[in-house]
Amino acid sequence: KQRETTRILAAPSRVLRHHAAPPWLRAIDRLIPHAIALRGPDPLRRARLAVGIIAAALVSVAWSATQEQILGTRLFPLLATSLIPVLLGIAWVLRATSSLALVGNLLAGLVFVLAMGATAASGGGYVGALVFLPIAPALAAIVAGRRAALVWALLTCLGLYGVAHL
């Protein structure tokens, strides 16, 4: 057992290599710190989901930055363009700290701030953004865990209450 542990710690790249894994999964695994892979299959799965969510958000934001007619303003492409460094920063935090809790809370906070910010900026008239508010606790649950999901669910309820009563 000691010899196996020493061999894994000496060559952590073996933990992430799967001979039967598709190329896209191997590409995601290259972005995940080895410290997460050594924690076991559940943290590795959550880290893969976090990287996939960040990649999908980057593609969506990059596409949105080219669209000027969304919401009828030119402000939206500026907002979408400014989100690219934020998402890349969250990916860097994952790589630098290996903290799934921090990354999950950052992703949930980003969704929460964007949904509440769009509603507040419109004076409460653009409540269509509130549809995206329940994504915050879902992201927290997937990446950070149950405790973070409960906190973000409470914040979501408080945000919805504030929009309805203010």
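Just above sits the structure.
Residues numbered from 1 in each chain as written. Predicted model: local features only at pLDDT ≥ 70, side-chain atom pairs only at ≥ 80, totals over all residues. Heavy atoms only, no water.

Any chance you could break down the nonpolar core for me, citing the residues and the numbers?
Counting residues in hydrophobic clusters, the biggest one holds 34 residues, and the most contacted among them are Ile32 and Val103. Where this core is concerned, the elements lending two or more residues are helix 4 (34–38), helix 5 (41–65), helix 6 (75–97), helix 7 (100–121), helix 8 (135–144) and helix 9 (146–165). Among the elements that line this core, the one with the most residues is helix 7, at 9 residues. Other than its neighbours up to four places away in sequence, Val103 contacts Ala50, Ile90, Val93, Leu94 and Val143. (Core = buried A, V, L, I, M, F, W, Y, C linked by side-chain atoms within 4.5 Å. Buried < 20%, exposed > 50% of the residue type's maximum accessible area, 1.4 Å probe, protein only. Helix = DSSP H or I, 4+ residues; strand = E, 2+ residues; numbered from the N terminus. Contact = heavy atoms within 4.5 Å.)

Quick rundown of the packing of helix 8 against helix 9? Include the residues and the values.
At a minimum axis distance of 8 Å, the contact between helix 8 and helix 9 shows a crossing angle of 170 degrees. Classed by the angle they form, the pair helix 8 and helix 9 counts as roughly antiparallel. Here helix 8 contributes Ala136, Pro137, Ala140, Ala141 and Ala144 to the contact with helix 9, which in turn contributes Ala148, Ala149, Trp152, Ala153 and Thr156. Taken together, the residues of the contact of helix 8 with helix 9 sort by class into 9 nonpolar, 1 polar and no charged. (Axes fitted to C-alpha atoms, helices over the stretch in contact; angles between N-to-C directions. Parallel < 35°, antiparallel > 145°, perpendicular 65-115°, else oblique. Nonpolar A, V, L, I, M, F, W, Y, C, P; charged D, E, K, R; others polar.)

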